[in-house]
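A closer look at the structure
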Amino acid sequence: LKWKQVDWEAGTINISERLVMVGSKLTELDGAKTESGTRQLGLDPNLITILKTHKAQQAVEKTKTKKYHDNDHVFCTPFGKPFWPQNITRQFIRPLLDSLGLEDYTTHDLRHTHGTLGAKGRIDPKIMQHRLGHKNFKTTYDIYSDLEQDRAVTAAVVKQLGLGAPPKKKSAKKTVEKTVEKK
């Protein structure tokens, strides 16, 4: 994500570029992985505030070194270079999940939780299709219509975030693995 993709006035981000590994090098490409992956997503006002704070902190960091390469990345190293994918997980996602007591969960589990909470929360299926970047509604429906499959992961996240009742004891990781196998 680059700062130019954040529309502060509209409160949106535009998913229109990606970083991919080509051999041992990170390469920027135009467009998302699929045509439907290129999309605009609305931002919560709290997230806008967090992003504005992050941008201000990043501006201060830029002045601390002459080696900074301003590539306009929202999330980057202290030198302005994009993060390697495994470093994002290790430095940010894993500590966040661990702090929430979700040690066995993956980044993809969070995507499933988002989709499941959307389906469970009665969010319009077309909106969820768009948010998840699926080409057609059938993909979204096939993955998230059987809420029982994602129940354990969703319940654990909801509990940790203080949004509901505690989940029943069940191996969430095995539930997610079964969900993935069915695809």
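Residues numbered from 1 in each chain as written. Predicted model: local features only at pLDDT ≥ 70, side-chain atom pairs only at ≥ 80, totals over all residues. Heavy atoms only, no water.

What follows concerns the confidence of the model for the protein. Of the residues in the protein, 74% reach a pLDDT of 70 or more, and the chain-wide mean stands at 75. Within the protein, no element has a lower average pLDDT than helix α7 (residues 172-182), which sits at 45, and none a higher one than strand β1 (residues 6-7), at 94. Confidence over residues 165-183 falls short of pLDDT 50; this stretch has 25 contacts with residues more than four positions distant or in other chains. (pLDDT = per-residue confidence, 0-100. Helix = DSSP H or I, 4+ residues; strand = E, 2+ residues; numbered from the N terminus. Contact = heavy atoms within 4.5 Å.)

Now for the environment of Ile 48. Looking at the element boundaries, Ile 48 is found in helix α1 (residues 45-62). Looking at Ile 48, the relative accessible area reads 15%, which means it is buried. Through-space distance from the C-alpha of Ile 48 to that of Trp 8 is 7.5 Å; in sequence the pair is 40 residues apart. Once residues lying within four places of it in the same chain are set aside, the contact partners of Ile 48 are Trp 8, Gly 11 and Leu 43. (Buried < 20%, exposed > 50% of the residue type's maximum accessible area, 1.4 Å probe, protein only.)

Turning next to the pairing of strand β5 (residues 39-42). By the alternation rule, side chains of β5 split into Arg 39 and Leu 41, which are all buried, and Gln 40 and Gly 42, of which none is buried. Sheet topology places strand β2 (residues 12-15) next to β5; four bridges connect them, and they run antiparallel. From the neighbouring strand, Ile 13 faces β5, where its bridge partner is Leu 41. (Pairing = 2+ DSSP bridges.)

This paragraph deals with the packing of aromatic side chains. A complete count under the given rule lists two aromatic pairs for this structure. Between Trp 3 and Trp 8, the aromatic rings sit 5.9 Å apart at their centres with planes inclined by 25 degrees, giving stacked as the arrangement. A centroid spacing of 5.2 Å and a plane angle of 75 degrees characterise the contact between Phe 83 and Phe 92, whose relative ring orientation is edge-to-face. Residue Phe 83 is classed as buried on the basis of its relative accessible area, which comes to 11%. (Phe/Tyr/Trp six-rings, centres within 6.5 Å; stacked < 30°, edge-to-face > 60°.)

Further remarks concern the pattern of salt bridges. One pass over the full model with this rule turns up five salt bridges. The salt bridge involving Glu 61 is made with Lys 64; its shortest N-O contact spans 3.2 Å. Asp 70 serves as the salt-bridge partner of Lys 62, at 2.9 Å between the closest nitrogen and oxygen. Among the ionic contacts, a cluster of salt bridges with common partners joins Lys 2, Lys 4 and Glu 17. (Salt bridge = Lys/Arg side-chain N within 4 Å of Asp/Glu carboxyl O.)

To continue, consider the side chain of His 73. Here His 73 lies in the loop between α1 and α2 (85-99). When neighbours within four sequence positions are excluded, His 73 is seen to be in contact with Leu 1, Lys 2, Trp 3, Leu 19, Glu 28, Gln 58, Gly 80 and Pro 82.

So, on to the sheet that holds β1. What the three strands build is an open sheet, ordered β1-β2-β5; its pairing is antiparallel. Looking along the sheet, the strands with just one partner apiece sit at the ends: β1 and β5.

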